[in-house]
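Spelled out from the first residue to the last, the chains are:
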Amino acid sequence: MNAIRSLLSWFLFTVVLAAGAQAQEAPDVLIKRVSEEMLEIARTDKQIQAGNQQRIMEVVQSKVIPHVNFQRMTSMAAGRFWREATPEQQTALTTEFRTLLIYTYSGAVAQVRNQKLDFKPMRAAPDDTEVEVRSSVIQSRGEPIQLNYRLEKTANGWKIFDVNILGAWLVETYKGSFASEISKGGIDGLIRTLAERNKRLAANPPRPALK
């Protein structure tokens, strides 16, 4: 009986340690792992190479989406108008913006062929709750593409809340267009605009890159 209890205790201790290690995964380690997993899948998955949108969306949903804080991204992009929106409008806006970003990222995945990633050393203090992870996408032709991430530490691990592509932060880029749409039709007008754009993207899946 004592032997069984000892084995059970050791098993539970191991599970707790494993869960803790996963939750405490460093932000740069997280970004590197997820990015390399996505590149490898995009390079080797025949359905993705053929441009199967459903398969691309499935992979993005399972590999990337759990590590993104879409509510914070949406609230930042909406700016002061976020506080004026009702809870229902906030939910609808987050849903449509989330869908738009998934389509956008899926389109990028469809273009992956021989790209490689180069990660820069992360400059952050051990107690920082927000950090930036810097990387570059190395292409066979052309200059490297700057690709940086802002992450926040949450109870569920590190979450991405902004992305910088070629020097432009995603949230700041959308902030202007969001404000313009809201000035014309309010929050509901912005939600309708995003929903219509998502419908068009759904009807026109991304084409795979030429080999």
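Use the structure listed above.
A brief report on the enclosed structure follows. All figures in this text were calculated on a predicted structure; none of them were measured in a lab.

## A few points about helix H4 (residues 53-63)
- Listing the buried residues of H4 in full gives Gln53, Ile56, Met57, Val59 and Val60. One side of H4 carries all its buried residues, which in axial view fall inside an arc of 165°.
- If you follow the buried residues of H4, they end up packed against helix H2 (27-44), helix H3 (46-49), helix H7 (87-110) and helix H8 (170-203).
- N-capping of H4 is provided by Asn52, with a side-chain oxygen placed 3.1 Å from the backbone N of Gln54.

## Quick look at the pattern of salt bridges
- This model, assessed by the stated rule, comprises 12 salt bridges.
- A salt bridge links Asp45 to Arg55; the shortest N-O distance between them is 2.8 Å. Taken as a pair, Asp45 in the loop between H2 and H3 and Arg55 in helix H4 lie far apart in primary sequence, 10 residues in all.
- Here Arg55 falls in the partly exposed class, since its relative accessible area comes to 25%.
- The shortest N-O distance in the salt bridge between Arg80 and Glu84 comes to 3.4 Å.

## So, unusual backbone geometry
- Phi at Leu166 takes a positive value of approximately 55°, unusual for a residue other than glycine.
- Relative to the assigned elements, Leu166 resides in the loop between strand S4 (157-165) and strand S5 (168-169).

## So, the packing of H7 against H8
- With their axes 9 Å apart at the nearest point, H7 and H8 run at an angle of 70° to one another. Between H7 and H8, the crossing angle belongs to the class labelled roughly perpendicular. Here the hand of the crossing between H7 and H8 comes out left-handed.
- When the residues that make up the contact of H7 with H8 are grouped by side-chain class, the tally is 16 nonpolar, 4 polar and 3 charged.

## Focus: the packing of helix H5 (residues 70-78) against H7
- The contact between H5 and H7 brings their axes to 9 Å, and the two run at 105°. Judged on the interaxial angle alone, H7 and H5 are roughly perpendicular. Touching Phe70, Gln71, Met73, Thr74, Ala77 and Ala78 of H5 are Leu93, Thr94, Phe97, Arg98 and Leu101, all from H7.

Scoring rules and cut-offs
- Residues numbered from 1 in each chain as written.
- Predicted model: local features only at pLDDT ≥ 70, side-chain atom pairs only at ≥ 80, totals over all residues.
- Heavy atoms only, no water.
- Buried < 20%, exposed > 50% of the residue type's maximum accessible area, 1.4 Å probe, protein only.
- Helix = DSSP H or I, 4+ residues; strand = E, 2+ residues; numbered from the N terminus.
- Arc of directions from axis to C-beta.
- Contact = heavy atoms within 4.5 Å.
- Polar contact = N/O pair within 3.5 Å; in protein donor to acceptor, adjacent residues only side chain to side chain.
- Salt bridge = Lys/Arg side-chain N within 4 Å of Asp/Glu carboxyl O.
- Axes fitted to C-alpha atoms, helices over the stretch in contact; angles between N-to-C directions.
- Parallel < 35°, antiparallel > 145°, perpendicular 65-115°, else oblique.
- Left-handed = near helix turned anticlockwise from the far one by under 90°.
- Nonpolar A, V, L, I, M, F, W, Y, C, P; charged D, E, K, R; others polar.

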